[in-house]
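Remarks on the overall topology
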Amino acid sequence: MEKRKHKLIMRAIIMGLMTIFTVVSSVGLLTGCGRKRVDIPPSDEYNIYMHFGTLPTLYAAAHLFSHETPSYIFFSRRNTFDIEKVPSHVQLFATSIASNDVIISAARDLVRDINKNYPEAVFHFFVDDFRLMAAYYALLTNGIPESRYDITLFSDGGGTYGASFTRNYADSFHYTMAIGGEMTLFEVEQDGYANWVQATEDFNAILADFKARPNVSRDGHSVLYGDGSGVFMFHETGRLPADTPLEYQNTYICDRYSFIAAQRPNVRFWMQFPEYPWMRDDVTFEVRSQLLRATLSKVAPADIVERLTPINKDAFFNAVIDNSANQVEGEPVSRELLDSLLLGNDKPALIISGANLGAAAINYFGHGSNYFPDTIIPQIIADFGSEYKLFFKPHPSFTADNKKIEGKGITVLPAQLPMDVLLWAYPDISIGGYNSSLYMSVRDAAQVKFFIERIGEEGHLDNILFVLEQNGFYQSVTEKYCMHD
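Residues numbered from 1 in each chain as written. Predicted model: local features only at pLDDT ≥ 70, side-chain atom pairs only at ≥ 80, totals over all residues. Heavy atoms only, no water.

Side note on the overall build of the chain
Helix and strand counts for the chain stand at 16 helices and 17 strands. A buried classification covers 55% of the 485 residues belonging to the chain. Relative to all contacts within the chain whose residues are 6 or more apart in sequence, the contacts with residues 24 or more apart total 70%. Just so you have it, the chain exposes about 20600 Å², and 51% of that area is on carbon and sulfur atoms. (Helix = DSSP H or I, 4+ residues; strand = E, 2+ residues; numbered from the N terminus. Buried < 20%, exposed > 50% of the residue type's maximum accessible area, 1.4 Å probe, protein only. Contact = heavy atoms within 4.5 Å. Areas by Shrake-Rupley, 256 points an atom, 1.4 Å probe, with all protein chains shown as cover.)

In structure tokens, the structure reads:
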């Protein structure tokens, strides 16, 4: 009895401290850059965010403003939002310059430390669907029981529907590679349901291994057991030979298990188009019956933003758009600067979105690095330049085209500036460009005016955008520029 009374008293003290910190957090939310950050207070629950691509980072950024739960975050796209402008109940737990193994270990150590200090705390883990196993690694190697954690998967973007689903659980997929200087289309047939059964067995074995051997060092690829591309590798035969060892391409990527994990009662999967498997004719009844047992929710980052209070919504846009780390023509980006650039013209704005065309320009698309600025851009100028003021938004991982495009009179926006958020903040601007997750983030599909295609899906846009286009989602698209004429 005395023990229970003591526990209740301690709980009351902790909740009182939380109330004080909540007030501080609410004030800190509005004070912006330069405020002194406070330590994460004791709590019955903690949020942990680990994100690597732009889209899931935007999911996280929006979600941070929707609650006051003490939270720790890691995100690799460091200029996606200003960490100093998020609520003060949020702390960064690892830096983007850390290696893969260091980041995975940091998450594991964070869970260990919280569990040591607060052994009854509940963990809410938010992670990209491709990096699901990083969450399980952090939780299970620390002996956290299923009753004390839940996992929310944020869609990585187009890969959720392609690498994560189609190349595993549809009965066919195809892709292109440059073989001997020629672009070759590979059509791969597979048994999607057999893949599901095998992946389920593998998934359960990995979780059991994490529990059984928590102290075994799992540096590099052994942490996630992934091959980076699903059931099949991008091999010139279309199938990885049986006697060929897997080449682990990225310690984070493990794209086979997200839909399977979502069958568990404490895992939910947020994406823009959970109906995608029902829009394909090569997904079997058996696979669809499994998906009906999964918690797949139609939630986009924009939906989270729209549900924020007016104050928190302004704070979110302030953190993402008013980010001095990004510059346009030597000036720090601000809402006022973007207003003048995007709205202060006699013509409406049209933004061209780029892609990561480094090695891909030669190895995947089959063209040299000058093909986009010297061939595609002039076509876009000819078709849209008289009607629209043109801008270019580079891919965060490839900015080599910037100077060439600026030389054609097109204003280049910061590579790290999230285009998705611009589309939400400026619903009257238009966009067109390469296959990208941001085309699934538009609030109004009429904002999309053209696509730059690649050969991946029978000469059409790859995967999810191809399926959406075929089902009439992008009715305002008036031009398509093909990478392979």
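A short note on the side chain of T80
Within the secondary structure, T80 sits in the loop between β2 (71–75) and β3 (90–92). Note on T80: relative accessible area 0%, which makes it buried.

Some details on the side chain of R280
Relative to the helices and strands, R280 resides in the loop between β8 (267–271) and α8 (285–291). Residue classification places R280 among the buried residues on the basis of a relative accessible area of 11%.

Considering the confidence of the model for the chain
In low-pLDDT segments, the atomic positions of the prediction should not be examined closely. Taken residue by residue, the chain gives an average pLDDT of 78. The fraction at 70 or more is 75%. Note on residues 219–240: pLDDT under 50 across the span, and 69 contacts to partners over four residues away in sequence or across chains. Segment residues 359–364: pLDDT under 50, and 15 contacts once partners within four positions in sequence are set aside and those in other chains are kept. (pLDDT = per-residue confidence, 0-100.)

Details of the pattern of salt bridges
In total, this model carries 11 salt bridges according to the counting rule given. Across the pair D339 and R335 runs a salt bridge, and its minimum N-O distance is 3.9 Å. Linking D339 with R335, this pair stays in helix α11 (residues 335–343), spanning 4 residues, or about one helical turn. By relative accessible area, D339 is classed as partly exposed at 29%. One network of salt bridges, in which partners are shared, links R108, D109, R112 and D113. (Salt bridge = Lys/Arg side-chain N within 4 Å of Asp/Glu carboxyl O.)

A closer look at the nonpolar core
Counting residues in each nonpolar core, the largest one holds 119 residues, and the members touching the most others are F125, Y136, I151, F316, L422 and Y474. Element by element, the count of residues in this core is highest for helix α4 (residues 132–140), at 9 residues. Leave out the neighbours within four places in its chain, and F125 touches I48, M50, A107, V111, A135, A138, L139, D150, I151 and T152. Y371, I377, F384 and V412 belong to the second largest nonpolar core, which has 18 residues in total. (Core = buried A, V, L, I, M, F, W, Y, C linked by side-chain atoms within 4.5 Å.)

Quick notes on the packing of α4 against helix α6 (residues 192–212)
One can describe the packing of α4 onto α6 by two numbers: an axis separation of 9 Å at closest approach and a directional angle of 30 degrees. Taken together, the axes of α4 and α6 are roughly parallel relative to one another. Between α4 and α6 the crossing geometry is right-handed. Taking contact as the criterion, the partners of L132, M133, Y136, Y137 and L140 in α4 are, on α6, F203, I206, L207, F210 and K211. (Axes fitted to C-alpha atoms, helices over the stretch in contact; angles between N-to-C directions. Parallel < 35°, antiparallel > 145°, perpendicular 65-115°, else oblique. Left-handed = near helix turned anticlockwise from the far one by under 90°.)

Side note on the packing of aromatic side chains
Each aromatic ring pair is characterised by the separation of its centres together with the angle its planes make. Per the counting criterion, the structure on display carries 26 aromatic pairs. Taking the centre distance of 5.3 Å and the plane angle of 75 degrees together, the rings of Y161 and Y276 count as edge-to-face. Residue Y161 is located in helix α5 (residues 158–169), and its partner Y276 is located in the loop between β8 and α8; the two are separated by 115 residues in the primary sequence. Summarising the burial analysis for this pair, Y161 and Y276 share the class buried. (Phe/Tyr/Trp six-rings, centres within 6.5 Å; stacked < 30°, edge-to-face > 60°.)

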